[in-house]
Amino acid sequence: EKGIIQRNIAINMFIHDIYHEKKILKDKVVPAELIFSSHFYLKDMMNFSPPGKIYTHISGTDLIKHKDGEYYILEDNLRCPSGVSYVLSNREAMKRTLSNLFMSYKIMPVQDYPEQLLAMIQSVAPEGVDNPTCVVLTPGMYNSAYYEHSFLAQRMGIQLVEGRDLYVEKNFVYMKTLQGPKRVDVIYRRVDDEFIDPLCFRPDSYLGVPGLMGCYRDGNVTLINAPGTGAADDKAVYTYVPDIIRYYLSEEPILKNVHTYRCELDDEFNFVLENLDKLVVKPVDESGGYGVFIGDRATQAQREEFKALIKSNRRKYIA
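Every value quoted in this text rests on a predicted model; they were computed, and no experiment measured them.

**Here we look at the sheet that holds strand E5 (residues 166-169)**
Logical step 1: Taken together, the 3 strands give an open sheet; going across it, the order is E5-E6-E7, and neighbouring strands pair in antiparallel fashion. Looking at the sheet topology across the chains shown, the edges are occupied by E5 and strand E7 (182-184). If you compare each strand with its neighbour and ignore which way they point, the axes differ by 45 degrees on average.
Logical step 2: Here strand E6 (residues 172-175) pairs with E7 via 3 bridges, running antiparallel. Of the residues in E7, the one forming a bridge with Val173 is Val184.

**Some words on the sheet that holds strand E13 (residues 317-318)**
Logical step 1: Read from one edge to the other, the open sheet built from 3 strands follows the order E12-E11-E13, with strand pairing classed as antiparallel. For this open sheet the edge positions go to strand E12 (293-294) and E13, each flanked by a neighbour on one side alone.
Logical step 2: Inspection of the sheet shows strand E11 (residues 280-283) paired to E12 by 2 bridges, in the antiparallel sense. For Val280, the partnering residue across the bridge sits in E12 and is Ile294.

**Here we look at the packing of aromatic side chains**
Logical step 1: For the coordinates displayed, the defined rule picks out 10 aromatic pairs.
Logical step 2: Geometrically, the ring pair formed by Phe306 and Tyr317 is edge-to-face, given 5.6 Å between the ring centres and 75 degrees between the ring planes. In this pair, Phe306 sits in helix H12 (residues 300-312) while Tyr317 sits in strand E13, placing the two residues 11 residues apart along the sequence. Across the pair, exposure class does not vary: Phe306 and Tyr317 are buried alike.
Logical step 3: Joined through ring pairs, the aromatic side chains of Tyr19, Phe36 and Tyr41 make up one cluster.

**Some points on the pairing of strand E3 (residues 134-137)**
Logical step 1: The side-chain alternation of E3 yields two buried faces, one formed by Cys134 and Val136 and the other by Val135 and Leu137.
Logical step 2: Bridge analysis of E3 against strand E8 (residues 186-189) gives 4 bridges, and the strand direction is parallel. Along E8, the bridge assignment pairs Val136 with Tyr188.
Logical step 3: Of the pairings in the sheet, the one linking E3 to strand E4 (residues 159-161) comprises 3 bridges and is parallel in character. Residue pairing in the sheet places Val135 in a bridge with Gln159 of E4.
Logical step 4: In this region the chain leaves E3, passes through helix H7 (residues 146-156) and returns to the parallel neighbour E4; the handedness of that crossover is right-handed.

**Quick look at empty space enclosed by the protein**
Logical step 1: This model, assessed by the stated rule, comprises 1 cavity of 30 Å³ or more.
Logical step 2: For the largest cavity, the calculated volume is near 30 Å³.
Logical step 3: Glu75, Asp76, Ala232, Asp233, Asp234, Lys235 and Tyr238 are the residues that line the largest cavity.
Logical step 4: Listing elements by their share of the lining of the largest cavity, those giving two or more residues are strand E2 (71-77) and helix H9 (230-233).
Logical step 5: Within the lining of the largest cavity, the residues separate by chemical class into 2 nonpolar, no polar and 5 charged.

How each quantity is defined
Residue numbers here run from 1 along each chain, matching the order of that chain's written sequence. Local features are withheld for residues below a pLDDT of 70 in this predicted model, meaning they are given only at 70 or higher, and side-chain atom pairs are given and counted only at 80 or more; totals for whole chains, interfaces and linings count all residues. Based on all heavy atoms of the structure, the side-chain values leave hydrogens and waters out of the count. When DSSP finds at least two bridges between two strands, those strands are taken to pair. Each helix corresponds to a stretch of at least 4 residues labelled H or I by DSSP, and each strand to a stretch of at least 2 residues labelled E; elements are numbered beginning at the N terminus. Fitted lines through C-alpha atoms serve as axes, helices being fitted only where they are in contact, and the angles separating the N-to-C directions of these axes extend from 0 to 180 degrees. Two rings from Phe, Tyr or Trp (for Trp, the six-membered ring) form a pair when their centres sit within 6.5 Å of each other. Planes less than 30 degrees apart are called stacked, planes more than 60 degrees apart edge-to-face, and all others tilted. Buried residues are those whose accessible area, probed at 1.4 Å on protein chains only, stays under 20% of the maximum for their type, while exposed residues exceed 50% and partly exposed ones sit between those limits. Handedness of a crossover: with both strands directed away from the viewer, a clockwise path from the first strand across the helix to the second marks it as right-handed. Whether a set of points on the 1 Å grid over the protein atoms alone is a cavity depends on a 1.4 Å probe fitting there but being unable to get out, while an open set qualifies as a pocket with protein on both sides within 12 Å along at least five of seven lines; lining residues are those with an atom within 4 Å of a point. Grid points are joined across faces, edges and corners, and a volume is the space filled by probe spheres set on the points. When residue character is reported, Ala, Val, Leu, Ile, Met, Phe, Trp, Tyr, Cys and Pro are called nonpolar, Asp, Glu, Lys and Arg charged, and the others, Gly included, polar.

Given below as structure tokens:
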């Protein structure tokens, strides 16, 4: 727990720095080109601080226990972390089917997660708002995580909305209701950065709300997680997190990274190509397991095919 808290404090400081003074880049602890080449690095977040300088309100830190008995961090999911609803649903099913097990051991409860999540969402409301209206913004029922969006909204007792349910007027966000417009103060968004505001990002997006980023930058609405956190979510940046912890906190990392090779670097690229049968290769900018290559489960032909893919864009892969 201490290790995960340490890691997330440092990551928040890092995100704030790369959008403001950029000290860590000037001191060459993290290569500037690594950050600026990430398509998750948003110029719209430059010189803007969200409430409390918190960018990653919800962090999906993947923690594993290795055969050496040590805990390791596998990756940091900092954009729109997904999956907690399945944890809660699995626990309900396990309590019914393995009730004796739960009576025999002191198992920590997890069912208070929605209450904790709601308390956190309400805590970052815009200044001067005592009783915030909070919503969950979903891309809609065809999204693979829609079950989770509806599950969490229902458990927290807040509205589940799509982009078309919201609109901007005089730089405030409003929700359409049967009783008329209602101002929205905090949006827990499950829509990716590039789709949240067609006036700022993709003009063809129907999932977001035109003008949302203007309201956000003026402090009239809070977005969870903050846009632009993906610059730290990049799996090539993951390799620098131990250095990031040392830089900002002057502490040694409590939890280790899994040893990782960056295909962008010549020596590591050559090692990856020669040992593809022993490695797991991931794209730096995907989530949900997309694009992951597991070398020892692949055929020789599949390995050769994947080698060509890595060679075509070395920046995109780590192993």
